[in-house]
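Structural description and commentary
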Amino acid sequence: RGCDTPPPGSAPPSPPFDCAAGLGNWLAGWSVSKKDWCCKNTGKGCPHDLYDCHAVVGTTQSWSKQKKEWCCEKEKVGCPPLATPPPFNCAAGYDDWLVDWSLDQKIYCCEHIGKGCAPTDTWHEHWHQHSDQFDCRAGAANRESDWSPEKKGWCCTHKQTGCLTHQDFDFDCSAGVASWQVGWSNEKKAFCCVHAKTGCPPTMVP
């Protein structure tokens with residue numbers, strides 16, 4: 001008598017609140033009493049669940065850093081976007097990078113992962129200054145007669161076409177070989193690369 005304990009065999013009292021009802025809008029829709037009871041008894045609607053991560057999802061950019069972090073961890077909402085993929089794949093075509101890669105890819109891959117780099121500043125500068133100096137496809141069918149020696153030399157060095165022969169020039173490829181990158185002309189580099197296997201850009205030794 002005077003005790004709230006139910007008699008043996010009777011059903012337990014119903015909970016005062018249904019903590020599953022309206023859970024998606026608990027922050028705005030639940031009363032203070034329901035939040036308090038559900039937090040204590042079910043762990044739902046607690047004060048630390050401060051953020052409604054599903055309200056106006058399109059405005060996540062205006063959320064505070066704390067709300068973004070909490071909602072990303074708890075609800076997978078408001079997470080930062082995945083990193084933008086790099087503009088170039090520096091592993092693809094690396095075996096023939098000197099010929100196949102564009103100037104932009106050479107510069108990007110050299111600066112970011114150390115691949116496709118020119119051996120010296122002089123040679124790197126040469127890429128920038130002469131990358132579009134000649135169109136090595138134009139007139140290729142008559143290159144022997146129509147191309148200038150300079151175009152033959154440049155296209156041979158960079159595109160492996162229009163390479164000089166003994167009939168075009170006859171250079172001494174042992175003279176000045178120690179400073180060939182700076183001291184030799186394009187024609188001599190191309191000629192000696194083909195005929196003496198010296199003066200070649202990196203990875204292009206025939």
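Residues numbered from 1 in each chain as written. Predicted model: local features only at pLDDT ≥ 70, side-chain atom pairs only at ≥ 80, totals over all residues. Heavy atoms only, no water.

**As for the state of the cysteines**
Put simply, the rule is: A pair of sulfur atoms, both from cysteines and within 2.5 Å, is called a disulfide here. Put simply, DSSP marks the helices as runs of H or I at least four residues long and the strands as runs of E at least two long, and each gets a number from the N terminus on. Relative accessibility under 20% of the residue-type maximum defines a buried residue, over 50% an exposed one, and the middle range a partly exposed one, all with a 1.4 Å probe and only protein chains included.
For the structure on display, the rule yields four disulfides. Sulfur-sulfur distance for the disulfide between C19 and C38 comes to 2.0 Å. Between C19 and C38, the disulfide has an S-S torsion of -90 degrees and is therefore left-handed. Of this pair, C19 sits in the segment before α1 (26-29) while C38 sits in helix α2 (residues 32-42), placing them 19 residues apart in sequence. Each member of the pair C19 and C38 is classed as buried.

**Structural notes on the packing of helix α8 (residues 149-159) against helix α10 (residues 186-196)**
The following threshold applies: A fitted line through C-alpha atoms represents every axis, and for helices the fit uses only the stretch in contact; the resulting angles, taken between N-to-C directions, go from 0 to 180 degrees. Here is the rule for angles: anything less than 35 degrees is roughly parallel, anything more than 145 is roughly antiparallel, 65 through 115 is roughly perpendicular, and the remaining ranges are oblique. Helix crossings fall into two classes, left-handed where the near helix is turned counterclockwise from the far one by less than a right angle and right-handed where it is turned clockwise. Contacts are assigned to residue pairs that have any heavy atoms within 4.5 Å of one another. All amino acids are sorted into three groups, where Ala, Val, Leu, Ile, Met, Phe, Trp, Tyr, Cys and Pro are nonpolar, Asp, Glu, Lys and Arg are charged, and the leftover types, Gly among them, are polar.
At their nearest, the axes of α8 and α10 sit 8 Å apart, and the two run at 50 degrees to each other. Viewed along their axes, α8 and α10 adopt a mutual orientation that is oblique. Judged by the twist between their axes, the crossing of α8 over α10 is left-handed. Contacts between α8 and α10 involve P149, E150, G153, W154, C156 and T157 from the first element and N186, E187, A190 and V194 from the second. Here the contact of α8 with α10 is built from residues that sort into five nonpolar, three polar and two charged.

Functional significance is not addressed by these values, which are geometric in nature.
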